[in-house]
Amino acid sequence: MSAEYKELLSSTMKHEDLQMQRIRDAVAMYFRYVMLSHRWEGSELSLHDIQGRVVYDLDPVGSIAKLKSFCETACNKGYRWAWVDTCCIDQTNNVEVQQSVNSMFIWYRHSALTIVYLSDVSPASQPGALASSAWNTRGWTVQEFLASKFVLFYQKDWSLYLGDRSPNHKDSLAIMKEMGDATGIDSQALIAFRPGMRDAREKLQWVSARVTTWQEDIAYSLFGIFDVNLPVIYGEKKQKALGRLLQEVVAQSGDISALDWVGQSSEFNSCLPADIISYKVPPYTLPSLSEDEIQTSVYLLRNAKTMESALELYTLLDHTSAPCFANCRLHLPCIVFPVMAVRQTHTQGQDPHATYEVYPDGLHDLLITTEDKRIPSSWTFTTRQTFLLVRPWDRSFLELPNSAELSGLTELPDIADDMQSEDEFWSAPGTPLVDSPGGSLDAQELVDLQRALRLIVRLGQPFSAFLLAQQHGGEYKRIASDRTIIAHVSDVAFAQDKMDVRTLEIL
């Protein structure tokens, strides 16, 4: 019976009105625990290696020395409990492994302290050593650091990194700058990360260059970051593990940014990448219009025919279903541009890549470089197979009040506040008010019309496209490209009047 328990028991006997909160606080203080974040090296101790044995009695060699030093460091800081992934999980128990993988983020988040051990950083190291440590190359360490609220970095000899004796290295501007430079993660996320689906593409880029001992772990180590709970199936291989995760992200959030990658397609689904490294290249940033440019373009579109068709298209896209997966098949709402012809331009020696000229209807001709062998060297629309160039539909273009969170925007334009009066909106020079469709419109109808015209303007801008090849069963497969495919609308009138909106089934 511990001294703390005796003291608490004595207090409850002497003070019958002792508040339950004090008991809870005492219990929580006693059971505070420390987590270790480290790089696995060589033969690490398992649960069966130490079960029933006193750690301090073991010979301090190899991984035993690391375990002993970790426990001593935690004890010297006043903690009674410590946890390390090598020997606190029964790796032979599949149920326990499943629970542990899905609970890892929460365990680190609730820890009183996470000790990060940098085994390759010597005591004489200068600022910048943290950034080059192998700890910063491992897959699991991203989640471990982001989940933890209190972190201390220790060097090879178990001295504090750079001698920084602050109680929490997340409060150190110098150390957090090193972490930001090394990981590409913004300072706000490093210090106060919130798990969830938002900014999915950015999170995937954070881990795109990371490696794990077990190939499936590159996906499993992201479960906590995206706040998902999925089966853990070691042996399924990384493409299926990553595919299941990305499928869940798209299905739950409707966010299609995870489909924005370059490289090779996954066997799980051709719209997903075969490897996490496909997210390493930042998404192509398309030139954006300023608010003044959008308003000018909207002004030029104000005629009865354009406005009527804009409203029809807006309504159609507003009622389009969200992207979803079913049995590894992606049902993706798209704006479709048929490809009229494809011609191979050249190949260089043994280079497996080939470059093709693609001629889509309604878009400017473009070049695509790919290793995919499904494209014939010469193809025209008259042949039996169909190729499509598509624009995956992004609901944030509707500028609805709830679209900002989905798209990652901090805010959307307040169209209602910026709306002109009805007379001002309709009466462009030389355009009488009576030309407005349906006559007088109320305030909400004006807002809807403004959004519809803004949508037409945005759909006329360059966009990131997918090339799809139709399969025998009518489904499609994505032709992976080595570079982002940027498509340019050839005629804004085409983009409005002949817009083909479909939900395609992609294998």
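Preceding this section is the structure that the text describes.
A brief look at the structure comes next. (Residues numbered from 1 in each chain as written. Predicted model: local features only at pLDDT ≥ 70, side-chain atom pairs only at ≥ 80, totals over all residues. Heavy atoms only, no water.)

Considerations on the pattern of salt bridges
Logical step 1: In the structure shown here, the tally under the stated rule is twelve salt bridges.
Logical step 2: Residue lysine 66 is joined to glutamate 44 by a salt bridge in which the shortest nitrogen-to-oxygen separation is 2.7 Å. Linking lysine 66 in helix 4 (residues 63-76) with glutamate 44 in the loop between strand 1 (33-37) and helix 3 (47-50), this pair joins segments that are 22 residues apart in sequence. As far as the burial class goes, lysine 66 and glutamate 44 line up, both buried.
Logical step 3: The salt bridge involving aspartate 275 is made with lysine 238; its shortest N-O contact spans 2.5 Å. With aspartate 275 in the loop between helix 13 (238-253) and helix 14 (291-300) and lysine 238 in helix 13, this pair connects stretches of sequence that are 37 residues apart.
Logical step 4: Judged by its relative accessible area of 29%, lysine 238 is partly exposed.
Logical step 5: Salt bridges here are not isolated pairs; linked through shared partners, they connect Glu291, Glu399, Arg454 and Arg458. (Salt bridge = Lys/Arg side-chain N within 4 Å of Asp/Glu carboxyl O. Helix = DSSP H or I, 4+ residues; strand = E, 2+ residues; numbered from the N terminus. Buried < 20%, exposed > 50% of the residue type's maximum accessible area, 1.4 Å probe, protein only.)

A look at the environment of leucine 204
Logical step 1: Residue placement: leucine 204 occurs in helix 10 (residues 200-206).
Logical step 2: Taking the C-alpha atoms as reference points, leucine 204 and leucine 246, 42 residues apart in sequence, are found 9.7 Å from one another.
Logical step 3: If sequence neighbours within four positions are ignored, leucine 204 has contacts with Leu222, Phe226, Leu246, Ala258, Ile276 and Tyr279. (Contact = heavy atoms within 4.5 Å.)

A word on the packing of aromatic side chains
Logical step 1: All told, the structure shown has 16 aromatic pairs when counted by the stated rule.
Logical step 2: Centre to centre, the rings of phenylalanine 337 and phenylalanine 463 are 5.8 Å apart; their planes meet at 25 degrees, and the pair counts as stacked. Within this pair, whereas phenylalanine 337 is found in strand 6 (residues 329-346), its partner phenylalanine 463 is found in strand 11 (residues 463-470), the two being separated by 126 residues in sequence. Like phenylalanine 337, the residue phenylalanine 463 is buried in the burial classification.
Logical step 3: Taken together, the ring pairs in this structure connect Tyr30, Phe31 and Trp81 into an aromatic cluster. (Phe/Tyr/Trp six-rings, centres within 6.5 Å; stacked < 30°, edge-to-face > 60°.)

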